[in-house]
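The chain contents come next:
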Amino acid sequence: MLDLEVVPGRSIGSEQWEFVLGMPFTQAVNILRRQCRVIKDIQVIYCESVPLAMDLVLNLTQDGIRLIFDSNVQRLKIIEIYNLSKVKLKYCGKHFNSPVVQPTIEQIDSSFGATKPAVYDAEKQLFTISFRGLSFLFPVVADAKFEPNVHGLGSIPLPSKTSVLVSRIYIYSGHSWSDTKAPSLPSGTLYGTVFCDSVQSITQDGLPVGLKFQLLTDNPGQSKSPEAKRKPISRTVQFGDTCQDITSALGCPNKVFYKSEDKMRIHSKTFHKDQPRTSDYFFNYFTLGLDILFDAVTHKAKKFILHTNYPGHYNFNIYYRCNFELHLPSLRTSRSSEEGQLVSITTFSKWDALNRLLVRPSQKPVVLNRASTMNTTNPFGSTFCYGVQNAIIEVMPNNHIASVTICEPLKPSTLSPS
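The text that follows walks through the structure, step by step, so that each part is easy to find. (Residues numbered from 1 in each chain as written. Predicted model: local features only at pLDDT ≥ 70, side-chain atom pairs only at ≥ 80, totals over all residues. Heavy atoms only, no water.)

1. Overview of the overall build of the protein
Part 1: From N to C terminus, the protein includes 4 helices and 26 strands.
Part 2: The proportion of buried residues among the 418 residues of the protein is 44%.
Part 3: Long-range pairs, those at least 24 residues apart, make up 53% of the contacts in the protein with a sequence separation of at least 6.
Part 4: A total accessible area of about 22500 Å² is found for the protein, and carbon and sulfur atoms account for 51% of it. (Helix = DSSP H or I, 4+ residues; strand = E, 2+ residues; numbered from the N terminus. Buried < 20%, exposed > 50% of the residue type's maximum accessible area, 1.4 Å probe, protein only. Contact = heavy atoms within 4.5 Å. Areas by Shrake-Rupley, 256 points an atom, 1.4 Å probe, with all protein chains shown as cover.)

2. Side note on helix H1 (residues 25-34)
Part 1: Within H1, 7 of the 10 residues are buried, leaving the element largely enclosed by the surrounding structure.
Part 2: Turning to H1, its buried residues are Phe 25, Thr 26, Gln 27, Ala 28, Val 29, Ile 31 and Leu 32.
Part 3: On its buried face, H1 is in contact with strand E3 (18-20), strand E4 (42-45), strand E5 (56-60), strand E6 (65-69) and strand E14 (195-204).

3. A few points about the environment of Lys 212
Part 1: Along the chain, Lys 212 falls in strand E15 (residues 207-218).
Part 2: Residue Lys 212 is classed as partly exposed on the basis of its relative accessible area of 38%.
Part 3: A C-alpha to C-alpha distance of 6.2 Å links Lys 212 and Ser 201, two positions 11 residues apart in sequence.
Part 4: Lys 212 has contacts with Ser 198, Val 199, Gln 200, Ile 202, Ser 234, Arg 235 and Thr 236, leaving out every residue within four places of it along the chain.

4. Notes on the pattern of salt bridges
Opposite charge on two side chains makes pairing possible when the charged atoms of those side chains draw close.
Part 1: Tallying each qualifying case throughout the model produces 6 salt bridges.
Part 2: We note a salt bridge from Glu 80 to Arg 66, for which the minimum N-O separation is 3.2 Å. One end of the pair, Glu 80, is in strand E7 (residues 76-81); the other, Arg 66, is in strand E6, with 14 residues separating them in the sequence.
Part 3: Taking relative accessible area as the criterion, Glu 80 reaches 5% and is therefore assigned buried.
Part 4: Between Lys 302 and Asp 280 there is a salt bridge whose closest N-O contact spans 2.7 Å. Residue Lys 302 is found in strand E20 (residues 301-307), and its partner Asp 280 is found in the loop between strand E17 (255-258) and strand E18 (281-285); the two are separated by 22 residues along the sequence. (Salt bridge = Lys/Arg side-chain N within 4 Å of Asp/Glu carboxyl O.)

Shown next as structure tokens:
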């Protein structure tokens, strides 16, 4: 049985690990992986058809805890403890819930002190006792008489205040768990890591030729303010930048991957020409949701890949979500519209709203079925890749964009005359 410390409005955890409100989904999963011998039977709950319509949830079934993440920013929004019989809980080092300490109204009053009047939900027959960033839910028996002038825990009109136990606990940021939002990244998660706040495309002649990053990292100053510990920085990368330029701008990659084969090269016009036996390589920036491909000969950037990290995709949870906004020239769709007008593509765009602006009805996608050498099965199915100018847009079956690959535009001298 887990023995956890509750910090209202902030976290729940032990001496070895801690789930902190605002932490990214991937960091929470990494904690669970390291604690696999202690925390078992974890469910990932999401909506496959409409992934932004409901929260992303990690359900710790054996411990009665749910970690609820905002589906847009993929940061921890609410910590819910729904089965108090499976976990020990303490506040300021003293247990208020354990096999020998029952979480009664009197126990909560003793452990946490005075608070605002209780709120009664007649439909659900629940009393809610709230502190800042912390709420306790008590079930009420059907025959209990409710008096509107309840002023505190001790004044709740119940037959026996020692017989009614807490049924649920919510830890959140703000004043109410029902309308809370995921807080910003906590300073503790920034240590030694660079995160991406947003990405904008740099456009030249209507085509993206580079990316402008708004990054967030830790500030090495001595200030104790959480805002002061977060340092926003702006960086720009473009095609033709060397690997040294990229490292200077974004830092060292999390991983360097050398291509052993290129399965998409069969679609290239130069597929049958002799190719040098050299290997292009990727810089993988997992916390930025970014891959950068370098030419093996020139060691210059020639491709950027941005990942949206939607659940239900083969690469889910490998990358953090990249919050990007790109612009690509549109097709002429009517007499009143002009060909070449820029179309905005974001992390949350859906392909069924973009395809008529970017591709012709006769254009068919390339079907991509990912698999690894260790496991050739892909439970999530195929995705569909559409070529749009110098970009490749990978689309999931639910019409959400899985990734956008931006290739270096062809120079005028390499284009065939019309």
